[in-house]
Amino acid sequence: MKKKLPPYQVVYEDNHLLIINKEPGVLVQSDRTGDESLVEMLRDYIKEKYNKPGDVFLHPVHRLDRPVSGLVVFARTSKALERMNEIFRKRQVQKTYWAVVRKKPPQKSDKLVSWLVKDELKNQVSTHTHEVPGSQRAELNYRVLGKINEHYLIEVEPITGRSHQIRAQLAEIGCPIRGDMKYGYDRETPDKKIYLHARRLFFTHPVKKEPLICKAGVPRDPFWEEFLELDQEEIKDKNIDFLY
């Protein structure tokens, strides 16, 4: 019997960091569902690969929502975790996401600023045009990369790192992400994923002090793959490079 492939791909690995490209639908950390998480899978991966006895130190530096795909950074040592937390806290990391929406954004490129309030019971945020009690300022930049079959591919660069920020802010301008019923899309996908992908990360390695750029290929999915049919010159001009 053919061995089932894990729902992630290792993008970068050394003694300090483990960076993976996760498939949509996979938990980063355990929750009340009791489903197996990436933390558990990757601890088993390290234990087996390096024949490590006992507990394995591995902690996520940040999270992706369960229905989102793409890059997640894990620290393999307490020193790396402390330093990576500081890098994220100081916003010394450049993050790039790709999103697929059905409605054309109002501008080809723009900066969005909102104030978000999170409802912990619903695990959902609401957006506001001005500061309100309990709100957090959220900023992102976006630009439209291309269009296929009435859907638009948007590149998003969050400036802040708020929970559900991209999902809520794109919905606020009338462009909910494909499949994201929580934020206004009209129907869910069969496997309940949404078309939001953490595409690229750039930061300085916390220990080696060298620039580190990681890219994650889009999921193997017929809808994502339709964007591969974009004219090659258009892809080149827009710097779109789908890599598996």
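Residues numbered from 1 in each chain as written. Predicted model: local features only at pLDDT ≥ 70, side-chain atom pairs only at ≥ 80, totals over all residues. Heavy atoms only, no water.

Trainee: Run through the pattern of salt bridges, naming residues and quoting values.
Mentor: Side chains carrying opposite charge are able to pair once their charged atoms draw close together. Enumeration according to the criterion identifies 15 salt bridges in this entry. The residue Glu139 makes a salt bridge to Lys111 at a minimum N-O spacing of 3.0 Å. Taken together, the positions of Glu139 in strand β8 (residues 136-148) and Lys111 in strand β6 (residues 109-119) put the pair 28 residues apart, joining distant regions of the chain. Asp221 is the salt-bridge partner of Lys193, the closest N and O atoms lying 2.3 Å from each other. You can see Lys193 sitting in the loop between α3 (165-172) and β10 (196-204) and its partner Asp221 sitting in the loop between β11 (211-215) and α4 (222-226), a full 28 residues away along the chain. The class of Lys193 is buried, set by a relative accessible area of 10%. (Salt bridge = Lys/Arg side-chain N within 4 Å of Asp/Glu carboxyl O. Helix = DSSP H or I, 4+ residues; strand = E, 2+ residues; numbered from the N terminus. Buried < 20%, exposed > 50% of the residue type's maximum accessible area, 1.4 Å probe, protein only.)

Trainee: Could you give an account of the confidence of the model for the protein, naming the residues involved and the relevant values?
Mentor: For the protein, per-residue confidence averages 90 on the pLDDT scale, and residues scoring 70 or more make up 91% of the total. Every residue in residues 231-244 scores below 50 in pLDDT, and together they form 31 contacts with partners more than four places removed in sequence or on other chains. (pLDDT = per-residue confidence, 0-100. Contact = heavy atoms within 4.5 Å.)

Trainee: Requested: an account of the environment of Pro190, with residues and values cited.
Mentor: Residue position: Pro190 is located in the loop between α3 and β10. A residue is classified by how much of its surface remains accessible, and Pro190, at 88% relative accessible area, is exposed.

Trainee: Quick rundown of the nonpolar core? Include the residues and the values.
Mentor: With 41 residues, the main nonpolar core has Leu38, Phe74 and Ile177 as its most contacted residues. For Leu38, the residues in contact, after removing those within four places along its chain, are Tyr8, Ile20, Lys22, Val26, Leu27, Val28 and Phe74. Leu71, Ile87, Phe88 and Val93 belong to the second-largest nonpolar core, a separate cluster that totals 18 residues. (Core = buried A, V, L, I, M, F, W, Y, C linked by side-chain atoms within 4.5 Å.)

Trainee: I'd like a rundown of unusual backbone geometry, residues and numbers included.
Mentor: Of note, Lys192 is a non-glycine position whose phi angle comes to about 65°, a positive value. With respect to the helices, strands and loops of the structure, Lys192 is situated in the loop between α3 and β10. Look at Lys209: it is not a glycine, yet its phi comes out positive at around 60°. A relative accessible area of 56% means that Lys209 is categorised as exposed.

Trainee: Mind laying out empty space enclosed by the protein, listing which residues take part and the relevant values?
Mentor: The tally for this structure, following the rule as stated, stands at one cavity of 30 Å³ or more. Reported here for the largest cavity is a volume of approximately 40 Å³. Forming the boundary of the largest cavity are His62, Leu71, Lys95, Thr96, Tyr97, Ala198, Arg200 and Leu201. Elements supplying a minimum of two residues to the lining of the largest cavity: β5 (94-101) and β10. Tallied by class, residues from the lining of the largest cavity come to four nonpolar, two polar and two charged. (1 Å grid on protein atoms, 1.4 Å probe; cavity = no way out; pocket = protein on both sides within 12 Å on 5 of 7 lines; lining within 4 Å. Points joined across faces, edges and corners; volume = space filled by probe spheres on them. Nonpolar A, V, L, I, M, F, W, Y, C, P; charged D, E, K, R; others polar.)

Trainee: Can you tell me about α3, naming the residues and giving the values?
Mentor: For α3, a buried count of six out of eight residues is recorded, marking the element as mostly surrounded by other parts of the structure. Restricting attention to buried positions, one finds in α3 the residues Gln165, Ile166, Arg167, Ala168, Gln169 and Leu170. Backbone geometry just downstream of α3 places Gly174 in the positive-phi region, at approximately 85°.

Trainee: With reference to specific residues and values, describe the pairing of strand β1 (residues 8-13).
Mentor: Bridging between β1 and strand β2 (residues 17-22) involves five bridges; their strand directions are antiparallel. The residue of β2 that forms the bridge with Tyr12 is Ile19. In this structure, the hairpin formed by β1 and β2 is closed by a connection of three residues. (Pairing = 2+ DSSP bridges.)

Trainee: How would you explain the packing of aromatic side chains if you had to name every residue and give the values?
Mentor: Taken as a whole and judged by the stated rule, the model has three aromatic pairs. Considering the side-chain rings of Tyr8 and Tyr45, the 6.5 Å spacing of their centres and the 80° angle between planes classify their relative orientation as edge-to-face. Residue Tyr8 is found in strand β1, and its partner Tyr45 is found in helix α1 (residues 38-50); the two are separated by 37 residues along the sequence. Members of the aromatic cluster, each reached through a chain of ring pairs, are Tyr195, Phe223 and Trp224. The lysine or arginine in question, Arg178, covers the ring of Tyr195, its NZ or CZ lying 5.3 Å from the ring centre. The ring of Phe223 carries the charged tip of Arg178 above its face, separated from the ring centre by 3.8 Å. (Phe/Tyr/Trp six-rings, centres within 6.5 Å; stacked < 30°, edge-to-face > 60°. Lys NZ or Arg CZ within 6 Å of the ring centre and 35° of its normal.)

Trainee: With reference to specific residues and values, describe a negative patch on the surface.
Mentor: Residues Glu36, Glu40, Asp44 and Glu48 make up a contiguous surface patch of negative charge. By the element assignment, Glu48 lies in helix α1. (Patch = residues over 30% accessible without salt bridge, like charges linked within 9 Å, V, L, I, M, F, W, Y side chains within 5 Å. Areas by Shrake-Rupley, 256 points an atom, 1.4 Å probe, with all protein chains shown as cover. Lys, Arg positive; Asp, Glu negative; His and termini not counted. Charge placed at Lys NZ, Arg CZ, Asp CG, Glu CD.)

Trainee: Describe the layout of surface pockets, with residues and values.
Mentor: In this structure, the largest pocket spans a volume of roughly 1,400 Å³. Looking at the largest pocket, it is lined by 38 residues, and the ones nearest its centre are Arg63, Leu64, Asp65, Ser163 and His164. Sorting the residues of the lining of the largest pocket by element identifies β5 and α3 as the ones contributing at least two each. Per-class residue counts for the lining of the largest pocket are 14 nonpolar, eleven polar and 13 charged. Along the walls of the second largest pocket sit 22 residues, with Gln9, Asn21, Glu23, Val218 and Arg220 positioned nearest its centre. Elements with a minimum of two residues in the lining of the second largest pocket: β1 and β2. With four residues, β1 is the single largest residue contributor to the lining of the second largest pocket. Among the residues forming the lining of the second largest pocket, the class breakdown is eleven nonpolar, five polar and six charged.

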